[in-house]
Amino acid sequence: MVCDITGVGAVAAIGASPAEIHRALCVGRSGRAPLRAFDASRYRARYAYEIDDRPSTGDQPGRATRWLCQVIDAALADAGLASSGADFPVLVGTTMREQRSVELWWTERQPLTLADLHFGSALAKRFGSRRTYTFANACAASLYALGLATDLIESGQEDTVVVAGTDSITESAFGMLDRVQNLVPDALRPLDKTRRGMLMGEGAVAVVLRRTGTDRQRLATVRGVSMNCDAWHATAPRAETIAGAVRQAHERARVRATDIDLVMLHGSGTDLNDSTEAAVLADVFDDARPGPWMTAIKSATGHTLGGSGLLSLVVAVFAMRTGIVPLTVGLTDPVDEAAGFRLVRGESVTADVSVAQIDAFGFGGVNAVAIVEGSR
Amino acid sequence: MRTVVVTGAGLAVPGMVGIQDLVPPGPARSGGFDPDIALCGRRMRHKDRASRFALGAVEPSLRDAGLCDGAALAGAATVVSTNFGNLDSVCSFAATIRSGSVVDLSPVGLPHTSSNCTAGWVAIEFGLSGPSLTVCNGATGGLDALFWAGNLIGAGRAEVAVVVGVEPHTDAVAALHAIDGAESWLDGAVAVVLESAEHAQDRGRRARAELAGYWRAAEVSEVLRPARAALAEPIGRYLADQQTGLADADDLTARLGRCSGALGVLQCAAAVAWLDRGNTTPVLAVSGGTSGEQADGEAVAALLLTPGGQSAERAA
């Protein structure tokens, strides 16, 4: 059984809707800018891909929560369900949840209540939702949430589930990554030999998932989502289990490597992730000629953390609907492991994409891969 | 839906030895888990307090379930429920940067910027390479985690799931609890092992309890109604706090303080301990509702547990 995506919403540094984000990606626009709210003198890295919505007085709590409500609102409206009043389960994938709000409380005494720590309180107030879940599952969180949502629908427990992701930048995570990265990146450059590491982005994304056949209109179909864990290292990726996640996704979706037209890379721009991911994909798609188109969005949006997998998925959906696959911004000298890949770089390509694979890997060794099919 | 059972449970709670200490009147003897000793050692190094507690609970739970070798645990899922878990690291790192710069940070703290660090450490230590899920869902988180672990097994994504509830005590955490005036809180962890009934049977392992239902709604009455109607026999024991208005309910928070994300998993372990004593009636765990950790009317969750092996008997 499969599930249909019938509504989408998204916000990132490069756009306030999925269409706007896709358009910006297609013309190679990036949301990279100097740090907006942090005291840059205390960091080595000076750039991020932030949403520019803070007041002039400084940073404020609750931004990730606010964007989450915004994109769920948009997705429900897009799906024609906004006024239905129904209490759909809402599954939210995040890396930071409201850790930024905790930081602002601890260091600046900005207001905080314990209910702010998870998104359920805001979702109950805004949408009357009771069956809400905050999964703080690092950078595979939103694809994990998607997989869990498909399980809920396929088991017959639900007909409709809202899946979302959101994250806002935190000093602790931005700073700690800055501390450990050997080189100081001034931009996030997936798959490029000159890449120097990841930089954070901000954003939120939501999709409405429905049992197949419930609606006449569907934007795309989720064929399957895999999830596993390296159980190996706290932060470094492991090729073997990542390959396992990719193959498991193909099996669940009942597709072969040759059926995949487009891969949305996790492409976080780190030395380890990009070389590991490229090596795994080279192996998986070895017999597929000419092989799928491959692109990555993080050089335009930054690494939007928990929501990044679902955001890449929404971009894939738009690529399938518009026939335009966006380029990977800033990719000029691809790594050797990517030799033979059909990378979209320099300019976007017009392509007939039916089936897309979306990769998401995170700290704690979490991996999730989704297979999505377009609709015409 | 596949039947999901509990085959093991373990604690890392100061003063307690095992899950029987969760049943009133509490620990029969002095001693029990001592964090000052048990949270030290080589394998605890470079891990935050919550993660160390979690390791201390998972180990006895796996021993209790008879799952001690790597092959049996490959593909097992990890589900952790915590709300305060890594917040001490978040506060500490932010303060360090503000009083100096990123250069003053110790790189070993990197994993603890992410709330799923505990799940990561548990998976690494015990080789759990199935799905890894961290639930940060307020006061209902523990019961929610059990629901999702059951779903992972039900969907065939794992045959075994280790479910952990953990909340640490640190200075930052104490300050967070003080926001709404809480006076005592858990500093510890609990772990239960869930399995598909077939997998437990194939291993020749006794099912100690069975997950028989889960509900989530705005108020207590909205979960009690369906929970009571779920089985022909009446619920024999409730695990809940006084706000639920259930007169004879066992309130773990009265003994342990605020348990937050760990509460539901503690309730499950307490239910298993009660059933282990030969009790045979269904047990209902309820958490959430009015609490400083949730918006008013946000949600109440309930999990129904029956003695292990009942569904097989009912089917026969």
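Residues numbered from 1 in each chain as written. Chains lettered and ligands numbered in written order. Predicted model: local features only at pLDDT ≥ 70, side-chain atom pairs only at ≥ 80, totals over all residues. Heavy atoms only, no water.

## Let's talk about the overall build of chain B
Stage number 1. The secondary structure content of chain B amounts to 12 helices and nine strands.
Stage number 2. Against the compact-globule benchmark of 20 Å for 316 residues, chain B has a radius of gyration of 19 Å, which places it among compact chains.
Stage number 3. Principal axes of the C-alpha set define a box for chain B whose edges measure 65 × 45 × 40 Å.
Stage number 4. Restricting the contact set of chain B to residue pairs at least 6 apart, pairs at least 24 apart contribute 76%.
Stage number 5. Here chain B has roughly 10600 Å² of accessible surface; of this, 50% comes from carbon and sulfur atoms. (Helix = DSSP H or I, 4+ residues; strand = E, 2+ residues; numbered from the N terminus. Rg over C-alpha atoms; globule rule 2.2 N^0.38 Å. Contact = heavy atoms within 4.5 Å. Areas by Shrake-Rupley, 256 points an atom, 1.4 Å probe, with all protein chains shown as cover.)

## So, the overall build of chain A
Stage number 1. On a plain count of helices and strands, chain A comes out with 10 helices and 15 strands.
Stage number 2. Taken against the 2.2 N^0.38 rule, which gives 21 Å for 376 residues, the C-alpha radius of gyration of chain A at 19 Å falls within 12% of a compact globule.
Stage number 3. Dimensions along the principal axes, computed over C-alpha positions, put chain A at roughly 55 × 50 × 40 Å.
Stage number 4. Going through the 376 residues of chain A one by one, you find that 66% of them count as buried.
Stage number 5. For chain A, the proportion of contacts with a sequence separation of at least 24, taken over those separated by at least 6, is 78%. (Buried < 20%, exposed > 50% of the residue type's maximum accessible area, 1.4 Å probe, protein only.)

## Brief notes about the packing of helix α3 (residues 99–108) of chain A against helix α4 (residues 87–99) of chain B
Stage number 1. Direction vectors running N to C along α3 of chain A and α4 of chain B enclose 55°, while the axes themselves pass 9 Å from each other. As far as their axial angle goes, α4 of chain B and α3 of chain A are oblique. Judged by the twist between their axes, the crossing of α3 of chain A over α4 of chain B is right-handed. Of the residues in α4 of chain B, those touching α3 of chain A at Q99, R100, V102, E103, L104, W105, W106, T107 and E108 of chain A are L87, V90, C91, A94, A95 and R98 of chain B.
Stage number 2. Looking at side-chain class alone, the contact of α3 of chain A with α4 of chain B contains nine nonpolar, two polar and four charged residues. (Axes fitted to C-alpha atoms, helices over the stretch in contact; angles between N-to-C directions. Parallel < 35°, antiparallel > 145°, perpendicular 65-115°, else oblique. Left-handed = near helix turned anticlockwise from the far one by under 90°. Nonpolar A, V, L, I, M, F, W, Y, C, P; charged D, E, K, R; others polar.)

## Observations regarding the interface of chain A and chain B
Stage number 1. Contacts between the two partners involve 68 residues from chain A, matched on the other side by 67 residues from chain B.
Stage number 2. Summed over both partners, the interface of chain A with chain B buries about 5500 Å², with 64% contributed by carbon and sulfur atoms.
Stage number 3. When the buried area of chain A at its contact with chain B is split by residue, R42, L114 and M176 of chain A rank highest and sum to 14% of it.
Stage number 4. Its salt-bridge partner being E108 of chain A, residue R98 of chain B comes within 3.0 Å of it at the nearest N-O pair.
Stage number 5. Viewed at the interface, chain B and chain A are joined by 34 residue pairs in polar contact (both at pLDDT 80 or more).
Stage number 6. Elements represented by at least two residues in the side of chain A that touches chain B include exactly α3, α4 (120–127), β5 (132–136), α5 (141–154), α6 (171–180), β8 (220–229) and α7 (239–253) of chain A.
Stage number 7. Among the residues forming the side of chain A that touches chain B, the class breakdown is 31 nonpolar, 23 polar and 14 charged. (Buried area = accessible area lost by both parts, 1.4 Å probe. Salt bridge = Lys/Arg side-chain N within 4 Å of Asp/Glu carboxyl O. Polar contact = N/O pair within 3.5 Å; in protein donor to acceptor, adjacent residues only side chain to side chain.)

## Observations regarding the side chain of S172 of chain A
Stage number 1. Along the chain, S172 of chain A falls in helix α6.
Stage number 2. In terms of polar contacts, S172 of chain A uses its side chain to reach the side chain of E103 of chain A, at 2.5 Å.
Stage number 3. When sequence neighbours within four positions are dropped, the list of residues in contact with S172 of chain A reads E103 of chain A together with V90, F93, A94, I97 and T113 of chain B.

## Thoughts on the packing of α6 of chain A against α4 of chain B
Stage number 1. For the pair α6 of chain A and α4 of chain B, the least separation of the axes is 8 Å and the interaxial angle reads 65°. Taken together, α6 of chain A and α4 of chain B sit at an angle that is classed as roughly perpendicular. In terms of crossing hand, the pair formed by α6 of chain A and α4 of chain B is left-handed. In this structure, α6 of chain A contributes E171, S172, G175 and M176 of chain A to the contact, and α4 of chain B contributes V90, F93, A94, I97 and R98 of chain B.

## Regarding the environment of A368 of chain A
Stage number 1. Within the secondary structure layout, A368 of chain A lies in strand β15 (residues 366–374).
Stage number 2. Beyond its immediate chain neighbours, meaning those up to four positions away, A368 of chain A contacts A140, L143, Y144, S226, M227, I358, D359 and A360 of chain A.

## A few points about the environment of R2 of chain B
Residues and elements named next belong to chain B.
Stage number 1. By the element assignment, R2 lies in the segment before β1 (4–12).
Stage number 2. Along the primary structure R2 and G150 are separated by 148 residues, whereas in three dimensions their C-alpha atoms are 8.9 Å apart.
Stage number 3. Those residues within four positions of R2 in sequence are excluded, and the remaining contacts are I153, G154, G156, A158, E159, S196 and E198.

## Here we look at the packing of aromatic side chains
Stage number 1. Taken as a whole and assessed by the stated rule, the structure comprises 11 aromatic pairs over all chains.
Stage number 2. Look at F38 of chain A and F174 of chain A: their rings are 6.0 Å apart centre to centre, the planes differ by 70°, and that puts the pair in the edge-to-face class. With a gap of 136 residues between them, F38 of chain A in the loop between β2 (33–34) and β3 (47–48) and F174 of chain A in helix α6 connect regions that are remote in the sequence.
Stage number 3. With relative accessibility at 7%, the residue F38 of chain A sits in the buried group.
Stage number 4. Aromatic pair Y133 of chain A and F135 of chain A: ring centres 6.2 Å apart, planes at 10°, arrangement stacked.
Stage number 5. Note on Y133 of chain A: relative accessible area 4%, which makes it buried.
Stage number 6. What makes F135 of chain A buried here is its relative accessible area of 1%.
Stage number 7. Following the ring pairs from residue to residue traces out a cluster consisting of Y133 and F135 of chain A together with F147, W148 and Y214 of chain B.
Stage number 8. Lying over the aromatic face of Y47 of chain A, R32 of chain A brings its terminal NZ or CZ to 4.1 Å of the ring centre.
Stage number 9. Above the plane of the ring of Y133 of chain A lies R216 of chain B, whose end atom (NZ or CZ) is 5.2 Å from the centre. (Phe/Tyr/Trp six-rings, centres within 6.5 Å; stacked < 30°, edge-to-face > 60°. Lys NZ or Arg CZ within 6 Å of the ring centre and 35° of its normal.)

## Looking at the pattern of salt bridges
Residues and elements named next belong to chain A.
Stage number 1. Taken as a whole and judged by the stated rule, the model has 43 salt bridges over all chains.
Stage number 2. The partner of R210 in a salt bridge is D215, and the shortest N-O contact between them spans 2.5 Å.
Stage number 3. The partner of R289 in a salt bridge is D286, and the shortest N-O contact between them spans 3.9 Å.
Stage number 4. By relative accessible area, D286 is classed as partly exposed at 42%.

## What about the side chain of N116 of chain B?
Stage number 1. Tracing the backbone through its elements, the reader meets N116 of chain B in the loop between α4 and α5 (117–126).
Stage number 2. A polar contact is formed between the side chain of N116 of chain B and the side chain of S114 of chain B, at a distance of 2.7 Å.
Stage number 3. With near-sequence residues (within four places) excluded, N116 of chain B lies in contact with A136, N137, A138, F363, G364 and V366 of chain A together with T134 of chain B.

## Notes on the pairing of β8 of chain A
Residues and elements named next belong to chain A.
Stage number 1. In terms of burial, β8 is a largely internal element, nine of the 10 residues being buried.
Stage number 2. Looking at chain direction, strand β1 (residues 3–12) and β8 are connected through three bridges and run antiparallel. Each bridged residue has a counterpart across the sheet, and for I5 the counterpart in β8 is A220. (Pairing = 2+ DSSP bridges.)

## A few points about the confidence of the model for chain B
All names here are of chain B.
Stage number 1. Per-residue pLDDT for chain B has a mean of 95; in total, 98% of the residues score no lower than 70.
Stage number 2. Contacts from residues 312–316, a stretch scored under 50 in pLDDT, to residues over four places away or in other chains number two contacts.
Stage number 3. Across the interfaces of the predicted complex, the ipTM metric reaches 0.98, alongside a pTM of 0.98. (pLDDT = per-residue confidence, 0-100.)

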